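Residues per chain are reported as follows:
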Amino acid sequence: MKPIETIMRTAPVIPVLVIEEIDHAVPIAEALVAGGLRVLEVTLRTTCGLEAIAAMKQVDGAIVGAGTVTNPEQLHRAVEAGSEFIVSPGLTTDLGQAAIQSGVPFLPGVATAGDIMRGMDLGLEHFKFFPAETSGGLPALKALSGPFGGLKFCPTGGIRQETAPDWLAFDPVLCVGGSWLVGQKDFASGKIDGEAITARARDAAAIA
Ligand code: 3PG
């Protein structure tokens with residue numbers, strides 16, 4: 001099994017995290033891991049994204065990767081920060097080649113047959129289907145999986161606790177990604193509501 005597949009099979013849901021304050025990083029990781037979600041995608045959309053990856057990696061059991069990686073330079077910075085996998089919203093040949101050369105497990109975003117074929121040209125077999133709901137949802141992924149049997153997917157984008165089971169019931173889907181596990185409401189009191197995050201993570205981890 002390729003390393004990216006092992007990561008995708010670790011838990012049914014990969015939380016997509018936007019960490020605005022570095023102090024939030026460790027409590028959020030601890031709360032998610034306590035609920036059974038060990039694979040954490042930290043997006044590089046905030047200034048403390050890389051620092052958050054390095055901090056969250058110290059949490060026992062956490063497998064921390066970088067998301068929203070869009071070019072080779074970001075990929076190299078994310079790997080230097082200790083990212084254990086890389087997720088991108090789309091796939092360019094430059095980024096794909098850089099990921100393969102670095103050897104880091106890589107999950108590039110695809111939404112069309114052309115995207116998938118570009119990935120297959122690079123030898124890739126594991127993809128993020130993104131943005132999943134607005135790219136046609138599960139019927140679109142089922143249609144794409146016809147000509148491209150054997151590929152494995154992590155649909156992300158618009159997926160929630162209620163809809164995740166339908167996606168996960170489709171064989172090529174090894175896990176789904178989503179941002180519903182952690183939100184602004186969890187910081188409203190000025191401190192992280194770890195119990196609420198852990199409860200959501202537990203529900204997500206229990207999806208068969
Ligand atoms: C991502 O970057 O993967 C998406 O922003 C996650 O999509 P969601 O917020 O709809 O879960």
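Here the structure is shown first, and the text comes after it.
Residues numbered from 1 in each chain as written. Predicted model: local features only at pLDDT ≥ 70, side-chain atom pairs only at ≥ 80, totals over all residues.

1. Remarks on the overall build of the chain
What counts is decided by this rule: We count a stretch as a helix when DSSP gives it H or I for four or more residues in a row; a strand needs E for two or more, and each element gets its number in order from the N terminus. Our radius of gyration is a C-alpha quantity, and the globule rule it is checked against amounts to 2.2 Å times the number of residues to the power 0.38. Here the C-beta atoms are placed from the backbone, and a residue counts as buried if at least 20 other C-beta atoms lie within 10 Å of its own, exposed if 12 or fewer do, and partly exposed otherwise.
When helices and strands are counted, the chain shows nine helices and eight strands. A globule of 208 residues ought to have a C-alpha radius of gyration of about 17 Å, and the chain, at 16 Å, matches this closely. Its C-alpha atoms give the chain principal-axis dimensions of about 50 × 35 × 30 Å. Taking all 208 residues of the chain together, the buried fraction comes to 44%.

2. Considerations on the nonpolar core
The condition is simple: Any nonpolar core is a set of buried residues, restricted to Ala, Val, Leu, Ile, Met, Phe, Trp, Tyr and Cys, that join up through C-beta atoms within 7 Å. It is the C-beta atoms, placed from the backbone, that decide contacts: two residues are in contact if theirs lie within 7 Å.
The biggest cluster of nonpolar side chains holds 65 residues, and the ones touching the most others in it are I28, L32, L37, L40, V42, M56 and I86. In contact with L37, other than residues within four places in its own chain, are A11, V13, P15, L32, L181, A201, A204 and A205.

3. Describing unusual backbone geometry
Following F130, the chain continues into P131 via a peptide bond in cis, with omega recorded as -10°. Structurally, P131 is set in the loop between β6 (126–129) and α7 (137–145).

4. Considering the packing of helix α4 (residues 72–80) against helix α5 (residues 93–102)
Note the following rule: Axes here mean lines fitted to C-alpha atoms, for a helix over just the part in contact, with angles spanning 0 to 180 degrees between N-to-C directions. Any angle from 65 to 115 degrees is called roughly perpendicular, while one under 35 is roughly parallel, one over 145 is roughly antiparallel, and all others are oblique. Crossing handedness follows the turn of the near helix against the far one: under a right angle anticlockwise gives a left-handed crossing, and clockwise gives a right-handed one. Under the scheme applied, nonpolar residues are Ala, Val, Leu, Ile, Met, Phe, Trp, Tyr, Cys and Pro; charged residues are Asp, Glu, Lys and Arg; polar residues are all the others, including Gly.
For the pair α4 and α5, the least separation of the axes is 9 Å and the interaxial angle reads 30°. Here α5 runs roughly parallel to α4, going by the angle between their axes. Remark: the crossing between α4 and α5 carries right-handed chirality. Contacts between α4 and α5 involve P72, L75 and V79 from the first element and D94, L95, A98, A99 and S102 from the second. Its residues assigned to classes, the contact of α4 with α5 comprises six nonpolar, one polar and one charged.

5. So, the packing of helix α2 (residues 22–34) against helix α9 (residues 194–205)
Axis separation between α2 and α9 bottoms out at 7 Å; the angle between their running directions is 40°. When the axis of α2 is compared with that of α9, the two are oblique. Both α2 and α9 take part in a crossing whose hand is right-handed. On α9, the residues that touch P27, I28, E30, A31, L32 and A34 of α2 are G194, I197, T198 and A201. Here the residues of the contact of α2 with α9 sort into seven nonpolar, two polar and one charged.

6. Considerations on α2
Here α2 has its buried residues at H24, A25, I28, A29, A31, L32 and V33. Its buried side turned inward, α2 meets β1 (13–17), β2 (39–43), α3 (49–56) and α9. A positive backbone phi angle near 105° is found at G36, which sits one or two residues after α2.

7. Overview of the pairing of strand β7 (residues 152–155)
Heads up, the rule is: At least two bridges found by DSSP between two strands are what make those strands a pair. By the criterion used throughout, a crossover qualifies as right-handed when its path from the first strand across the helix to the second strand runs clockwise, the strands pointing away from the viewer.
Taken together, the four bridges between β6 and β7 define a ladder with parallel strand orientation. If you follow K128 over to β7, its bridge partner there is C154. Running through α7, the crossover from β6 to the neighbouring parallel element β7 is right-handed.

8. Quick word on the environment of V26
Along the chain, the position of V26 falls in helix α2. Separated by 94 residues in sequence, V26 and M120 have C-alpha atoms that sit 36 Å apart. Not counting the four nearest positions on each side in its chain, V26 is found in contact with A55, M56 and V59.

9. Some details on the site of the ligand
Using the following cut-off: Nearness is defined per residue: the C-beta atom, placed using the backbone, must lie within 6 Å of the molecule or strand.
The environment of the ligand is formed by V16, T43, G67, T68, F130, T156, G157, G158, I159, G177, G178 and S179. Within the shell around the ligand, the residues separate by chemical class into three nonpolar, nine polar and no charged.

10. Digging into the environment of V42
For V42, the position within the fold is in strand β2. Overall, V42 belongs to the buried group, with 33 C-beta atoms counted inside 10 Å. In sequence terms V42 and S83 are 41 residues apart; their C-alpha atoms lie 9.2 Å from each other.

Read these as geometric descriptors, not functional statements.
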